Amino acid sequence: METRDLVIIGGGSAGMAAAVAAYDKGIRDILILERTEFLGGILNQCIHNGFGLTHFKEELTGPEFLTRFVKQVQERGIEYKLHTNVVAVTKDKKVSYVNAKDGAITLQAKAIVMAAGCYERNAGAIGIPGERPAGVITAGQAQLYLNEYGYLVGKKVFILGSGDIGLIMARRMTLEGAKVLGVAELMPYSNGLNRNIQQCLIDFNIPLYLSHTVSKIIGKGKLEAIEISQVDEKFRPIPGTEKRFDVDTLLLSIGLIPNNDLLDKAGVAKSSTRGASVDEHMQSINAPGIFSCGNVLHVHDLVDYVVAEGAVAGEAAASYLQGTLKESEGPCLETVAGEGIGYVVPSRINLANAGENVELKFRVRKPSKNVYVTYSLNGQVLKKTLKPAIIPSEMEIARLPRNLLGEEGGTLTVSLLAKEEN
Amino acid sequence: MARDLTCIICPRGCHLHIDDNLNVTGNFCPRGAAYAKQEVLDPRRTLTTTVRCKSQLLEVCPVKTNAAMPKDKLFEAMKAVNEVTLTPPVHIGDIVIKDLCGTGVDLVATRDIEK
Amino acid sequence: MDAGGGSLVTILYLFCFEDGILGAFFAFGHLCDDKDILGTNCIPKNRAFPIHVLTFSLLRAYNGAHMKDIIIIGAGAIGAFLARNLSKYELNVLVIEKENDVGDATSMANSAIVHSGYDPVPGTNKARFNVEGNKLFPKICEELDVEFEQCGSLTVATEPKQLEMLKELARRGELNGVPTKLLTPEEVKALEPNITPEVQGALLCPTAGIVNPFTLVAHAFENALDNGVELALGTTVTAIRHENGHYQVQTDKGTFEAKVVINAAGVAADHIASLVEEIDWSIQPRKGEYYVLDHYAPGLVNHVLFPLPSEKGKGILVTMTTAGNYLVGPSSEFVDDKDDHSTDLPTLANVRAQATNMVPKIPFREQIRTFAGLRATPSTHDFIIGPSKSHEDFINVAGIESPGLVSSPAIGEYVVEHLVRPLLDLKPKKSYNPCVKKYVTLSRLSEEQKKEVIAKNPHYGEMICNCEKVSLGEIEDVLSRSLPTLTIKAIKKRTRAGFGKCQGGFCQPKVLFLLAKHLGVSPLEVLYDRSGSEILDKEAK
């Protein structure tokens, strides 16, 4: 069986960033396995701008952003295989893949970076009531048809979910001549970035129906109409609030889910994000040498954060290969998503390996104003930060000095605390 | 004239207020103030779209305006964009349409397409 | 895109219309010179026919002027096994189906269970054909290369008073000739670690199993077509006339003639039967709604788990599928609309509540789809199998609700051998071959086998569906078979491409463009399923 130092699963922004970072730390035997015909992953279809403000200090479109990373990969001579599908991974780091040229191969990797991205939550996953005609399609799929193949999926469109892909597609399809009749959002607030509400909906007079959902899909072969309803506080449709829209397309922008089956089926522990449970070095807590980064770990809102996380994973994999990342059985902190917090990445902080600062990424459950984010070590508040406004659609990143965390281990809880209670 | 705006310059999306004297509040950075003034005086947007480009793997090539263009000319610009067909090779930054609809901004390719 | 590489072909079909004058029916369009569906040049931009005509043009070697021996109306599981059993004999057989694929209604949306047969009332058609059909399954699934697992079923008692009912069911099983075994709660827990702690006992039926219902029907048709049966998809029967000792079956695509007609029209069987005579029975569709869960958590259940049956049916079951998914359902509600495949929240919530009563820890978070199917419930409470009142050569095979899927091979055999044989001269066909050419399912192969397959045909190494690991080679194989595969959904049913957690989010465009090339149509005209179900609206540029 062929042995490789570092196998990276997924050649999108996370995987490329990990590869480049590992290379720059001295690893030379790197192989990126990418299932599609291009490096760059989902950025290939994200032709809108807004990428790279943090990483490159300029505003780029998706293809421009990814091209810069492809160049970095190519300049370093990092090997990658396209059209290559990883079919299985094991906890002892065997990677099985197939492609037309090599056939079916199993490699023994010394380290793995999982960077397989995410997929879109779809109609099947939420079981929208009504029929199942053609014309109900995820926003990303419509984006793929339009931006890579040049086809529009419909003329009259309604959008469920105010996620950014849906908002971007509202503008994109409007500019291409389709009529977007509205966007329904289950929550009482938008899930997209403020600027996308402005430049994708308000600019084109597209109404946003908050606290609404699609309560019925109508049409036998092809979508003919949808019905939306206002929802109560338990998100149940309120009878009598139905509105009907005659549309041929319902775009769904209702969330992204880490595409983590390979690790899941390998028995690698997963967290509430559905990505792997990782430590501060993005290393799996029960599979040493397997690292995760990007949307396969947890869904990010900005690609700049994805590449930063990819670099952390890539560098950590290099340290692991170079023997500088301790396989310590020593004290650890388990992170806990406390009051008001949806999830925290990483799941664990290995105190023996933690650097000068420990980075925590988390999302709140619902929008809040004037709240403290508190960080508590075994119940004792270490730090609190006042947030004038905090919303679920924006991932929060906090850095805690390592020296605050002690040497004992235990739990590190992130919570929200209303300002008034102090 | 006074308006509440959402800044679209970066993903932060600051809530801005601009008064009759063009004083801006709510901005995190100076670019927000500039945006608010621009938005009330001459609203502009960057157009990102595709043009026809038949290659081995793609049917279209992504493009953008190399600067923000007047918002009210977006649909007119789309008509011009949809008339163009590129032939590979295409490189990032190649000018696809110079002075798009007389706006002074150019439409440029945002992807390398070799063949 | 240009239309280069294609040549315009005109196909002319002749028919006998009802006025007795020869009519003509044209289908014309581009066919590809390049038979390789990966050929780059065969997407004609403006082809001349709507796709339903195309489906018609795919009738294999259709000889319209010739009187058929038999017309089967309906291409579900019953139609499939009627056709396959008839294809053993020197007969002209035509199957007419209104949908654009075989097995596209009740046969597609059900529990996919090969019931053991302990449950139907002894002496009924249901009991007889269920038990006979169950015995045929291992051999048929071998011949037709269909996934089938005889995993056994458990009928689970969750209350002490249900134990008496279990014993009654065991007695019924004995009368039906079905082996069963009563299990203690401990025995049940050993077999099913995730069963409710409330379990009081269960009835084990080792002969029950699960089957891939999509390929069961498709491969049975493929086999029938290989042996000479003809199939008209996308063709709706509008009237049937009996004149001069034969039938004229009028459809929206023209009129066909036959000596014998078999009505296997599922939920529409009462409508079809009433085209020839007044009937005193009816079919009322009974809708069942289901959840499909992704193939995580292997071992959630190891058998088909039923609650105790009631007058409403076999109850909400929890089972794995042959693809390793889990299926939870069905509900049971009579509906009036024979085309109502809608789901609704309260019904599904009830399904969920009942299922968790039996298996508390079902991971509903892994839900990848919900769907509804219609059972063709007859007013007579039993399968209606026999000649119509006034015509012995018009045979009804109607009201085939559960246990219909398992019964279908036995019903097909019975109808041909006992009801058709007296009407027609059944000469065995020397060339009859009961087997379909074996399929390659990459995801089920060992690495060595994969290597070998990919070395022979590299397209098996090119993955199209990421979730279910379906390769280009597998899709091309399906497209090359005798059974027409005309829609995205047909590809999904045959290969599982698009069946996984992303529900085609990533692979559907690839499948769509592949299908467009294969059919020689524009991508704009590729259908998801029914006519009018195009995925793409227009070229953006």
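Residues numbered from 1 in each chain as written. Chains lettered and ligands numbered in written order. Predicted model: local features only at pLDDT ≥ 70, side-chain atom pairs only at ≥ 80, totals over all residues. Heavy atoms only, no water.

1. Let's talk about the pattern of salt bridges
Applied cut-off: Any carboxyl oxygen of Asp or Glu that lies within 4 Å of a side-chain nitrogen of Lys or Arg is treated as forming a salt bridge with it. Categorising residues by exposure relies on relative accessible area from a 1.4 Å probe, with only protein chains included: less than 20% of the type maximum marks a residue as buried, more than 50% marks it as exposed, and the intermediate range marks it as partly exposed. Helix and strand definitions here come from DSSP, where helices need a minimum of 4 consecutive H or I residues and strands a minimum of 2 consecutive E residues; each element is numbered from the N-terminal end.
With the rule as written, the count across this model stands at 67 salt bridges over all chains. The partner of A:Glu359 in a salt bridge is A:Lys361, with the nearest N and O atoms 3.8 Å apart. Under the relative-accessibility criterion, A:Glu359 is labelled partly exposed at 27%. C:Glu147 is the partner of C:Arg444 in a salt bridge, and the nearest nitrogen-oxygen pair spans 3.2 Å. Highlighted residues: C:Arg444 in the loop between α9 (404-420) and α10 (447-456) and C:Glu147 in the loop between α3 (125-144) and β6 (148-149), separated in sequence by 297 residues. A relative accessible area of 47% means that C:Arg444 is categorised as partly exposed.

2. Focus: empty space enclosed by the protein
Which parts of space are left empty comes out when a probe the size of a water molecule is rolled across the atoms. The condition is simple: The way it works is a 1 Å grid over only the protein atoms, where trapped points that fit a 1.4 Å probe form a cavity and open points with protein on both sides within 12 Å along at least five of seven lines form a pocket, and then any residue with an atom within 4 Å of a point lines it. Grid points are joined across faces, edges and corners, and a volume is the space filled by probe spheres set on the points. The nonpolar class holds Ala, Val, Leu, Ile, Met, Phe, Trp, Tyr, Cys and Pro. Asp, Glu, Lys and Arg form the charged class, and all remaining residues, Gly among them, are polar.
According to the stated counting rule, one finds eight cavities of 30 Å³ or more in the structure shown. Size it by volume and the largest cavity reaches roughly 710 Å³. Considering the residues around the largest cavity, the lining is formed by 37 residues, among which C:Met108, C:Ala109, C:Arg369, C:Phe371 and C:Lys489 are closest to the centre. The set of elements that each furnish at least two residues to the lining of the largest cavity consists of α6 (213-226), β20 (367-378) and α12 (488-495) of chain C. Among the elements that make up the lining of the largest cavity, the one with the highest residue count is β20(C) (four residues). Classifying every residue of the lining of the largest cavity gives 17 nonpolar, seven polar and 13 charged. The volume enclosed by the second largest cavity comes to roughly 540 Å³. Lining the second largest cavity we find 34 residues, and of these A:Val136, C:Arg369, C:Gln503, C:Gln508 and C:Tyr528 sit closest to its centre. Of all the elements in the fold, those that place two or more residues in the lining of the second largest cavity are α3 (123-126) and β10 (136-138) of chain A together with β20, α12 and α13 (508-519) of chain C. Considering only residue class, the lining of the second largest cavity consists of 16 nonpolar, 12 polar and six charged.

3. Details of the packing of aromatic side chains
Applicable threshold: Two aromatic rings from Phe, Tyr or Trp, using only the six-membered ring of Trp, form a pair when their centres are within 6.5 Å; if the ring planes differ by under 30 degrees the pair is stacked, by over 60 it is edge-to-face, and anything between is tilted. Think of it as a cone above the ring: NZ of Lys or CZ of Arg counts as a charge over the ring if it is within 6 Å of the ring centre and within 35 degrees of the ring normal.
For the structure on display, the rule yields 19 aromatic pairs over all chains. Plain terms: the ring middles of A:Phe56 and A:Phe69 are 5.9 Å apart, the flat faces sit at 65° to each other, and that makes the pair edge-to-face. With A:Phe56 in the loop between β3 (49-51) and β4 (60-61) and A:Phe69 in helix α2 (residues 62-75), this residue pair connects regions lying 13 residues apart in the sequence. Between the aromatic rings of A:Tyr145 and A:Tyr149, the centroid separation amounts to 6.5 Å while the plane-to-plane angle is 55°, which identifies the pairing as tilted. A residue pair is termed a helical-turn pair when its members lie 3 or 4 positions apart in one helix, as A:Tyr145 and A:Tyr149 do in helix α4 (residues 139-149) at four residues. Its relative accessible area of 0% is what places A:Tyr145 among the buried residues. Classification of A:Tyr149 as buried rests on a relative accessible area of 17%. Among the aromatic residues, ring-to-ring pairing joins A:Tyr145, A:Tyr149, A:Tyr151 and C:Phe513 into one connected group. Lying across the ring of A:Phe38, B:Arg111 places its NZ or CZ 4.4 Å from the centre.

4. Some remarks on the domain arrangement of chain A
Residues and elements named next belong to chain A. Where we set the bar: The source of the domain bounds is an automatic or database domain assignment. By buried area we mean how much accessible surface two parts lose on assembly, using a 1.4 Å probe and totalling the loss over both. N or O atoms within 3.5 Å of each other form a polar contact, as long as, within protein, one can give a hydrogen and the other can take it, and as long as residues adjacent in sequence are counted only when both atoms are side-chain atoms.
Split into domains, chain A comes out as domain 1 (1-119 + 256-325), domain 2 (122-254) and domain 3 (328-422). Look at where the C-alpha atoms of domain 2 and domain 3 centre, and you get two points 35 Å apart. Taken together, the two surfaces of domain 2 and domain 3 that pack against each other cover about 370 Å², and 59% of this comes from carbon and sulfur. Considering only the side of domain 2, the residues that lose the most area to domain 3 are Tyr189, Asn191 and Leu193, jointly responsible for 79% of the buried surface there. On inspection of domain 2 and its partner domain 3, the count reaches zero salt bridges. Counting the contacts that link domain 2 with domain 3 gives one residue pair in polar contact (both at pLDDT 80 or more). Considering only residue class, the side of domain 2 that touches domain 3 consists of two nonpolar, three polar and no charged.

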